[in-house]
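# Notes for the structure review
Single-letter residue listing:
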Amino acid sequence: LRRLTNFPADGLLKAMSGDGRFVFAITGYDNHSSGRLVRIDVASGEWTEVIPSTPTPIPDGEPPGNGWSWPGTLAILWGDFRSVQETIEAQQPFPTSLAGIEILINGDPAPIASVSPNTVRFQIPWDLPAGFSELEVHGPLLNTSPFEVVMRMLPAPPEFFLWLEGKFRFIEAAHEGFDQRVSPANPARSGEIVHLYARGLGPVSPAPPPGESASSDPLYRLTLPLVCGFGGADTVDTWSPIWNRADILFAGLAPGMMGIYQIDLRIPATIIGNPAKLTCLTGDPASGKWLSGYITIKAAAN
C-alpha cells in the first residue's frame, strides 16, 4: 500500500478507471478543498480537478451529514466563494446579504453571520417546516460547478450537546454558578442546580428575532411541556412515573447564544451516580421527543 497523493483534507476514493490508471476521489471538507471531484494518476500521483467545489451545508461544528438541521442554529456552507477575498464578519442583527452572497431557504433569505473564500455561516430559520426544505445559494462566481446549488434540509430531533468519555456520553452542563463544567472529575452534587445545553427543543415565547443571539431580558421560554428524570433503561420507549423527577427552573434559549437551549434543573437530593442517566421528554408524552445523556453526581457535602 502507498499513498497516492495529498490533499489539505483527506479524500474519499470513489472509483477506479477500467484500466487501473486513474482513481477518482472526493476531497474532504475543510477551508481549502471543500468537496471537489478529482482524478488522480496512479503512477505519478498528480491530480486534476474534474468537478469544482459545489457548496454543501452542514451544522456548525459538525461533519457533513444527511441534511439534518436544527432550527435557529448557525450552519456552515462549504464551497468555493472565490469572489470573497477575506473573511468578513457581520454585526448583529445579521444581514440577509453579505459580500454579494445570498442564501434562500424555501425562497426566504436567511441571516448571514460571516463569509470567507471557502465558507458562509448562516442561521437556519426558526420556522423551518417539518418536511424537507430547499436551500439555494446566489452570488458572483458560483457558476463554476455544473450542479445547481440546491440542497434539501430536514429539521432534526432534539438532542443534548454530548461529549464522550469511556463508554458514556455526558451532557454538556455547567455548575450552578456557571463557573465550571460538570464532568467525572468535577461532578455535580445532589440537590445542586445545573445548567444543561441542548438544541432542537422547539418553539419559544416570545418568538426570537432572526439574526440575533437570545437575550436575558426578556427570556425566551420553551412553550412545549418538558419533563426530566433520572433513571430508566438505556432504550426509552415510554415515560415511567417511578423515575426520579427533576425540578425544572428554566427551559428556553440560552442567553447570549444563537439557537442553543438551556435547561436549568435541580438534581434530586436522593440522586447519586457514577454516572447517572438523565432523560427528558419534550412535548406530549404520547407523541413527544426524547433526549438523554449522563451526568456524574456525588452526594452533597454535609
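Residues numbered from 1 in each chain as written. Predicted model: local features only at pLDDT ≥ 70, side-chain atom pairs only at ≥ 80, totals over all residues. Heavy atoms only, no water.

## Examining the layout of surface pockets
- There is about 460 Å³ of room inside the largest pocket.
- Lining the largest pocket we find 21 residues, and of these Pro155, Ala156, Gly200, Leu201 and Gly202 sit closest to its centre.
- Taken together, the residues that form the lining of the largest pocket break down as 13 nonpolar, 6 polar and 2 charged. (1 Å grid on protein atoms, 1.4 Å probe; cavity = no way out; pocket = protein on both sides within 12 Å on 5 of 7 lines; lining within 4 Å. Points joined across faces, edges and corners; volume = space filled by probe spheres on them. Nonpolar A, V, L, I, M, F, W, Y, C, P; charged D, E, K, R; others polar.)

## So, unusual backbone geometry
- Cis geometry is adopted by the peptide bond preceding Pro218, which originates at Asp217 and carries an omega value of 10°.
- In this structure, the amide linkage connecting Asn274 to the following residue, Pro275, adopts the cis form with an omega of 0°.
- Residue position: Pro275 is located in strand E27 (residues 273-282).
- Residue Asn106 is not a glycine yet carries a positive backbone phi of 55°.
- Topologically, Asn106 is positioned in the loop between strand E9 (102-105) and strand E10 (108-109). (Helix = DSSP H or I, 4+ residues; strand = E, 2+ residues; numbered from the N terminus.)

## Notes on the sheet that holds strand E1 (residues 11-16)
- With antiparallel pairing, the 4 strands of this open sheet are ordered in space as E1-E2-E3-E4. With partners counted over all chains shown, the strands left at the sheet margins are E1 and strand E4 (47-51), one partner each. Within this sheet the neighbouring strands show an average axis-to-axis angle of 35°, counted without direction.
- Relative to strand E2 (residues 22-27), E1 runs antiparallel, the two being bridged by 5 bridges. Each residue of the ladder has a partner; that of Met16, found in E2, is Val23. (Pairing = 2+ DSSP bridges. Axes fitted to C-alpha atoms, helices over the stretch in contact; angles between N-to-C directions.)

## Overview of the nonpolar core
- By size, the foremost hydrophobic cluster in this structure holds 30 residues, and its most contacted members are Phe160, Leu196, Phe230, Leu265, Ile267, Leu278 and Ile295.
- Those elements giving two or more residues to this core turn out to be strand E20 (193-199), strand E23 (226-230), strand E25 (247-253), strand E26 (261-266), E27 and strand E28 (289-298).
- When residues no more than four places from it in sequence are discounted, the contact partners of Phe230 are Trp243, Asn244, Ala246, Ile267, Pro268, Ile271, Ala276, Lys277, Leu278, Ile295 and Ile297. (Core = buried A, V, L, I, M, F, W, Y, C linked by side-chain atoms within 4.5 Å. Buried < 20%, exposed > 50% of the residue type's maximum accessible area, 1.4 Å probe, protein only. Contact = heavy atoms within 4.5 Å.)

## So, the pattern of salt bridges
- On inspection of all chains with the given rule, the structure shows 4 salt bridges.
- Here Asp19 and Arg21 are joined by a salt bridge, their closest N and O atoms 4.0 Å apart.
- Asp19 sits in the exposed class, given a relative accessible area of 52%.
- A salt bridge links Glu172 to Arg181, with the nearest nitrogen and oxygen atoms 2.7 Å apart. (Salt bridge = Lys/Arg side-chain N within 4 Å of Asp/Glu carboxyl O.)

## Considerations on empty space enclosed by the protein
- Enumeration according to the criterion identifies 2 cavities of 30 Å³ or more in this entry.
- In this structure, the largest cavity spans a volume of roughly 50 Å³.
- Forming the walls of the largest cavity are Trp163, Phe170, Ile171, Ala173, Val182, Ser183, Pro184, Tyr294, Ile295 and Thr296.
- Only strand E17 (168-171) and E28 provide two or more residues apiece to the lining of the largest cavity.
- It is E28 that provides the largest number of residues to the lining of the largest cavity, a total of 3 residues.
- The class makeup of the residues in the lining of the largest cavity is 8 nonpolar, 2 polar and no charged.

## Concerning the state of the cysteines
- This model, assessed by the stated rule, comprises 1 disulfide.
- With a sulfur-sulfur separation of 2.1 Å, Cys228 is cross-linked through a disulfide to Cys280. Since a negative S-S torsion denotes a left-handed disulfide, the Cys228-Cys280 link at about 110° is right-handed. Of the two residues, Cys228 sits in strand E23 while Cys280 sits in strand E27, which places them 52 residues apart along the sequence. (Disulfide = S-S within 2.5 Å.)

## As for the side chain of Thr5
- Tracing the chain through its elements places Thr5 in the segment before E1.
- You can call Thr5 buried: its relative accessible area is 16%.
- Within the structure, Thr5 has its side chain in polar contact with the backbone oxygen of Gly45 (distance 3.1 Å).
- In this view, Thr5 contacts Ile40, Gly45 and Trp47; residues no more than four positions away in its chain are not counted. (Polar contact = N/O pair within 3.5 Å; in protein donor to acceptor, adjacent residues only side chain to side chain.)

## Overview of the side chain of Thr73
- Checked against the element boundaries, Thr73 lands in the loop between strand E6 (68-69) and strand E7 (74-78).
- A distance of 2.5 Å separates a polar atom in the side chain of Thr73 from the backbone oxygen of Trp70.
- Residues within four places of Thr73 in sequence aside, it is in contact with Phe122, Gln123, Ile124, Met258 and Gly259.

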